[in-house]
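# Remarks on the overall topology
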Amino acid sequence: MSDKNINEKMADERQKFIDNQPTDEEMGELIIKHLKEIYDPELPVNIYDLGLIYNIDVETDEVSMMKKAKITMTLTSATCSFSQVIIDLVKSIAARQEGLEEVDVEIVFDPPWGQDSMTDDAKLAMGLL
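About the cut-offs
- Residues numbered from 1 in each chain as written.
- Predicted model: local features only at pLDDT ≥ 70, side-chain atom pairs only at ≥ 80, totals over all residues.
- Heavy atoms only, no water.
- Core = buried A, V, L, I, M, F, W, Y, C linked by side-chain atoms within 4.5 Å.
- Buried < 20%, exposed > 50% of the residue type's maximum accessible area, 1.4 Å probe, protein only.
- Helix = DSSP H or I, 4+ residues; strand = E, 2+ residues; numbered from the N terminus.
- Contact = heavy atoms within 4.5 Å.
- Polar contact = N/O pair within 3.5 Å; in protein donor to acceptor, adjacent residues only side chain to side chain.
- Salt bridge = Lys/Arg side-chain N within 4 Å of Asp/Glu carboxyl O.
- Pairing = 2+ DSSP bridges.
- Axes fitted to C-alpha atoms, helices over the stretch in contact; angles between N-to-C directions.
- pLDDT = per-residue confidence, 0-100.

## Let's talk about the nonpolar core
- Counting residues in each nonpolar core, the largest one holds 26 residues, and the members touching the most others are Ile31, Leu35, Ile47, Met73, Val90 and Val103.
- Secondary structure elements with two or more residues in this core: α2 (24-35), β1 (53-60), β2 (67-73), α3 (83-91), α4 (93-96) and β3 (100-107).
- Beyond its immediate stretch of four places on either side in the chain, Met73 contacts Ile47, Leu52, Ile53, Tyr54, Ile86, Val90, Val105, Glu106, Ile107 and Val108.

Printed below as a string of structure tokens:
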């Protein structure tokens, strides 16, 4: 009878954990689903369809094997009164998505947001189409 040593058991458990985690790309898609549930309090459109999200980078932390995301986004204006609320909601995705350890948000204003950034669904919801 051959018992695995503790290192082999730990390696097996680590591999099972890794195998059950979404890929970085799959995690990006899950993050987008969460972003589509966050609405600008002043507009009837979610922040993803509004075009506020410029980039989502997901990577796997080599130590924890959990995902970390960096979301580059903008706001409808630099003086948006709900900016901190929106940023906090985006950061809180990590608490709601299993396997996601951290969400870092970078706010940029270049390029500036404009109606051309919106999806057709967003334009329709705002009566622009």
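## Structural notes on the side chain of Thr74
- Along the chain, the position of Thr74 falls in the loop between β2 and α3.
- What makes Thr74 buried here is its relative accessible area of 0%.
- At 2.7 Å, the side chain of Thr74 forms a polar contact with the backbone oxygen of Val108.
- In this view, Thr74 contacts Leu52, Tyr54, Val108, Phe109 and Trp113; residues no more than four positions away in its chain are not counted.

## Quick word on unusual backbone geometry
- Along the chain, Asp110 connects to Pro111 via a cis peptide bond; the corresponding omega equals 5°.
- Within the secondary structure, Pro111 is located in the loop between β3 and α5 (120-125).
- Non-glycine residue Met65 carries a positive phi angle of around 65°.
- Tracing the sequence through the fold places Met65 in the loop between β1 and β2.
- Given the relative accessible area of 13%, Met65 is considered buried.

## What to know about the pattern of salt bridges
- The full count for this structure, using the stated rule, is 5 salt bridges.
- Among the salt bridges present, the one from Lys70 reaches Glu106, with a minimum N-O distance of 3.2 Å. A residue pair is termed long-range when its members are at least 10 positions apart, and Lys70 in strand β2 and Glu106 in strand β3 qualify at 36 residues.
- Taking relative accessible area as the criterion, Lys70 reaches 35% and is therefore assigned partly exposed.
- Each of Asp61, Lys68 and Glu102 takes part in one network of salt bridges that share partners.

## Notes on the sheet that holds β3
- In space, the 3 strands of this open sheet follow the order β1-β2-β3, with mixed pairing throughout. The sheet terminates laterally at β1 and β3, the two strands that pair on one side only. Ignoring which end each strand starts from, the neighbouring axes of this sheet average 15° apart.
- In this structure, β1 lies alongside β2, joined through 7 bridges in antiparallel fashion. Of the residues in β2, the one forming a bridge with Asn55 is Thr72.
- Of the strands in this sheet, β2 and β3 touch α3, which is tilted by about 150° from β3.

## Let's talk about the confidence of the model for the chain
- Looking at the chain as a whole, the pLDDT averages 91, with 98% of positions reaching at least 70.
- No element of the chain has a lower mean pLDDT than helix α1 (residues 6-19), at 82, and none a higher one than β2, at 97.

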